[in-house]
Amino acid sequence: MRIGVLGPLQVAGAGIGAARVRVLLVRLALDPGRVVTAERLIDDLWPEEPPEHPMAALQSLVSRARRQAPGLIASHPAGYLLDVPPDEVDAWEFERLVRAGESRAALALWRGPALADALGLPFAQGPAARLEELRLAALEAAGPSLPELEGLVAGHPLREGLHALLMRALVAAGRRAEALEVFERIRVRLADELGMDPGDELRQAHLLAVRDPEPRTNLPARLTSFVGRGDDVARLRVLLEGGVRLVTLTGPGGAGKTRLAVELADSLTARGGPVWLVELAQATAVRAAIEATLRVTDPVAELRGGSAVIVLDNCEHVIDEAAHVAQWLLAEVPYLRIVATSREPLDIPGESLHPVTPLPEAPAVELLLHRAAAARPDLEVEPREAARICRELDGIPLAIELAAARLRTMPVSALVEQLGDRLGFRGSRTSEPRHRTLRAVIDWSWNLLSDQERELLRGLTVFSGGATAEAVRQVCGGSLEVLSSLVDKSLIAVAGDRYTMLETIRQYAAAELPEVTAAHARYYTGLAETAEPYLRTGDQLRWLAVLDAEQGNLDTALRRTDDPLRLILARMWPWIMRGRRREAAEQAAAVLRRVGPLAPAGRELAHGLCMVTVTGEITEAVLESDHPAALNCFVVASLTGPPQGTVALTESAAERLGDHTDPWTRAAVGLIAGIVRFEYGAVAGTEDLLLPALDGFRATGDRWGLSYTLHWLSLAAENRGGYAAALELAEESERFGAEISGLETPAGPILFLVRLARLTAGTDDLAGAASLLDRAWQTAQRADEPLSLARVLHVRGELARRSGDGQAAAELLRQALELAGADAPAQFMAAVHVELARVSEPGEQLRAALELMADCPDRTARATVLEGVAEFCAPPMAAELLGAASALRGIAVDREDVREALGEQAYREALARGAGMPNPERYALSPASSPW
């Protein structure tokens, strides 16, 4: 508002100081845009005694007003006018809003006594009184709270309308005796002061206070249990009892909006007012349906006498009229509350939306089990099977109830097989036609869509796991307006920055759209290629999150694209980073089945990476590439291949890529070389290669490279006896690994956690180690990695032994061996056998460990096993095995107890003999040497 007179004068952009100038502007504001004659202004401004020269005084006053509020006052031969349209004066806008029924908006304009600057002048008294009367009428229509009403009644002790409202509010609050006291008080006052009896409105309020309090309602009685929405009822009651007058329950068909609305309305019957369910599913006119339900021709007159609740059920097909009727009723009936159910909002002022979403798994399972027991009491449904059924059905209550009904005639396994045909599940004979099947439920929404909405909804079925607005635009070409309309109509949902669709709706709307399918494959291939370079930078976490969000779409695109090798090349490195090698192998095998054994021209590298991922065979295209996934093949080879071939591959890669222009590639080559040196070469020189690699990965910000480089640096530190440094490096490695691993921690980071736990146990912090193992166990279970679980059991066994519980340790270690299986790495199996030897009969376990290590290329693993075996040998042989371990590690290994037992000279000679042994494991296994 430019001009405010509902309270002290306000003029936008101006400060008006002089009192007479303020009065002039107030007077002109009563007739905005209309000429007020000079004579009228003089009479109104100086009602008792005009100045000696009234016209000159008026002109002077106008001049002052123009200086303080430029551009507001215009001249006319007959007088002056306020040169603004009426809707820029708050009093005029206030009156318009009140007469339009928008009481709350009108009251928001009120700042104090109307025409406050001119209240002592006769011209202001009539308009001020009229505006005050309108304010009171607006207050009555707006339905003030009980405390507000009590204050208004105290200020207007003879106003019948306010007393009637107060009485109704007290009745609604269950305070009938107080309502009767209010009536008696005003009845006496009206008789004493005005000599009149209470009017109709007060008498109606009196009848409400004395009549039977039982509520009137047409709500149906409950036939089945109400499951899973108790919190919703509680929240909605708080809203409706706290001043919200319109709540709209929105959601897809079958989500349970009507059932929730009826339960909510039933819980409100204790408020004392009538509760009406107006069913609109078959209606063509909303007001007519309300009149038919209430059995009246004037619903406002019927509802105004109390605090009624109306449920407008199924508004979506008559949404425009439902919105207008709801707004009309709320404006006319102060204490009315409306609960609407609709697949889209009414979109009127004061509406509070409550989305009714599919049920979470726990209440969905509860619902299924309840309904299944009712359909077939002797049937037992396993909770896991029930959870799967509910997930497949999107947690939609109607779908779950229809599925449960089918269990009356079929086993659970048969129902599971039919979940793909859920749209045909049929309900009871008495169900409404639109609720008879899931297809009918969605038909109801589909038939209300425009052609553009239907086209976009069909296109959206191409996505898996949702899509961003940009993806929808690029793939489907749909406008944001149409997309928003589908959200409003509960056919798709918004979660964060993604648009999602229930699988049930996807099945209904799915169609053959070759152009959209091709566009989807192109878009996500481009996205994967855009993301891939960033995965080796400090921005990698953001891009990994993008790829995680698009996992379903990337998998779908890989199945559909005409060029799967192009897309799988961009996806290889993120799979490797996350340790998802099994997933990579499965996808690579599927691609190879499509493209065949020969690489298409231009796709040799991608084909070769698929081959090495599936078969382990490294092709020439991979050997000659600097692609990160190709470099990773050298890492894999360094851990699994024969020493001679691995060293040759590494030397070739280092020679070819050591001076590469890309710092990440140089760092990766250094990491590979460091791993190979640790495994097969001079272990003591490992750090000379790994430390520069660490600097390179820090410079690029690559957490994957940092995690793995720190892991191998930790191994190198432990190998030379630096246990404190090894623990510190392992902790830092695990932190970076956890950042990269995401929600489903894969095998690599679990390995880091397990090693960190073992090092922590080495510092005698057994509680800290156990906590780390608990984390590792939980993540290994989520990843479903048996070997990772076995690694956790191995270290748990070690902790049990350190705690003095040898029996528990032996049981844990045997479980680890069984879980790992025959294909587990020899290094791991040997380590478990050595640990088991410490808590059980050692002979069999030590022989198994030595046999596993006899042909193993891993020098540090062999050294560790020989040191463990030495614990069980007589001093001469123990010293020889320690000497062999020292040669393998590249550093001296010492045991003081053995030195003391043999003496210095004999100890040194035995160490030397062991260091020169070509195969110490075979020596220890020979019948002549074995002490077992």
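Because the structure is predicted, anything quoted here is derived from the model rather than measured. (Residues numbered from 1 in each chain as written. Predicted model: local features only at pLDDT ≥ 70, side-chain atom pairs only at ≥ 80, totals over all residues. Heavy atoms only, no water.)

Draft legend 1. Region of interest: the sheet that holds strand β13 (residues 498–500). The three strands lie next to each other as β11-β13-β12, forming an open sheet whose pairing is antiparallel. Among the strands making up the open sheet, the edge pair consists of β11 (467–468) and β12 (493–495). When β12 meets β13, the two strands line up antiparallel, connected through three bridges. If you follow Ala493 over to β13, its bridge partner there is Thr500. (Pairing = 2+ DSSP bridges. Helix = DSSP H or I, 4+ residues; strand = E, 2+ residues; numbered from the N terminus.)

Draft legend 2. Region of the structure containing the environment of Glu900. Position of Glu900 relative to the elements: it lies in helix α46 (residues 896–902). For Glu900 and Val472, which are 428 residues apart along the polypeptide, the C-alpha to C-alpha distance reads 77 Å.

Draft legend 3. Quick look at the pattern of salt bridges. Throughout the structure, instances matching the rule amount to 54 salt bridges. A salt bridge links Arg698 to Glu732; the shortest N-O distance between them is 3.0 Å. Here Arg698, found in helix α35 (residues 686–700), pairs with Glu732, found in helix α37 (residues 723–741); they are 34 residues apart in sequence, far enough to count as distant. Given a relative accessible area of 39%, Arg698 falls into the partly exposed group. Given the relative accessible area of 18%, Glu732 is considered buried. For the salt bridge of Glu880 with Arg913, the shortest nitrogen-to-oxygen distance reads 2.9 Å. In this pair, Glu880 sits in helix α45 (residues 875–889) while Arg913 sits in helix α47 (residues 904–915), placing the two residues 33 residues apart along the sequence. (Salt bridge = Lys/Arg side-chain N within 4 Å of Asp/Glu carboxyl O. Buried < 20%, exposed > 50% of the residue type's maximum accessible area, 1.4 Å probe, protein only.)

Draft legend 4. Summary view of unusual backbone geometry. Of note, the phi angle at Asp347 is positive, near 65 degrees, even though the residue is not glycine. Counting through the fold element by element, Asp347 comes out in the loop between β9 (337–342) and β10 (351–355).

Draft legend 5. Here's a closer look at helix α25 (residues 514–534). Across its 21 residues, α25 extends 31 Å between first and last C-alpha, which sits within 8% of the 30 Å expected from 1.5 Å per residue. Of the residues making up α25, those classed as buried are Val516, Ala519, His520, Ala521, Tyr524, Thr525, Leu527, Ala528, Ala531 and Glu532. (Expected span 1.5 Å × (residues − 1).)

Draft legend 6. Expanded view of the packing of aromatic side chains. Taken as a whole and assessed by the stated rule, the structure comprises eleven aromatic pairs. Note on Tyr534 and Trp543: the rings are 5.1 Å apart at their centroids and 10 degrees apart in plane angle, and the pair reads as stacked. Arranged with centres 4.8 Å apart and planes meeting at 75 degrees, the rings of Trp573 and Trp704 form a pair that is edge-to-face. Here the residue Trp573 occupies a position in helix α28 (residues 564–577), and Trp704 occupies one in helix α36 (residues 703–719), the gap between them amounting to 131 residues. (Phe/Tyr/Trp six-rings, centres within 6.5 Å; stacked < 30°, edge-to-face > 60°.)

Draft legend 7. Just the environment of Arg371, in detail. Positionally, Arg371 belongs in helix α16 (residues 361–375). Classification of Arg371 by relative accessible area gives buried; the value is 12%. Here the alpha-carbon distance between Arg371 and Leu402, two residues 31 residues apart in the chain, equals 9.1 Å. Setting aside chain neighbours within four positions, we find Arg371 in contact with Thr224, Ser225, Arg259, Glu401 and Ala404. Among the polar contacts listed, one links the side chain of Arg371 to the side chain of Glu401, at a separation of 3.4 Å. (Contact = heavy atoms within 4.5 Å. Polar contact = N/O pair within 3.5 Å; in protein donor to acceptor, adjacent residues only side chain to side chain.)

Draft legend 8. Representation of the sheet that holds strand β4 (residues 73–76) within the structure. Overall, antiparallel pairing links the three strands, which are arranged β3-β5-β4 in an open sheet. What marks the edges here is a single partner per strand, and that holds for β3 (36–37) and β4. Looking at chain direction, β4 and strand β5 (residues 79–82) are connected through four bridges and run antiparallel. Within the sheet, the bridge partner assigned to Ser75 lies in β5 and is Tyr80.

Draft legend 9. Region of interest: the packing of α36 against α37. Following both chains from N to C, one finds α36 and α37 inclined at 160 degrees, their axes separated by 8 Å at the closest point. As judged from the angle between their axes, α36 and α37 are roughly antiparallel. For α36 against α37, the interelement crossing comes out left-handed. Counting all contacts with α36, which are made through Arg703, Trp704, Leu706, Ser707, Leu710, His711, Leu713, Ser714, Ala717 and Glu718, the residues of α37 involved are Tyr723, Ala725, Ala726, Leu729, Ala730, Glu732, Ser733, Phe736, Gly737, Glu739 and Ile740. A per-class count over the contact of α36 with α37 returns twelve nonpolar, five polar and four charged. (Axes fitted to C-alpha atoms, helices over the stretch in contact; angles between N-to-C directions. Parallel < 35°, antiparallel > 145°, perpendicular 65-115°, else oblique. Left-handed = near helix turned anticlockwise from the far one by under 90°. Nonpolar A, V, L, I, M, F, W, Y, C, P; charged D, E, K, R; others polar.)

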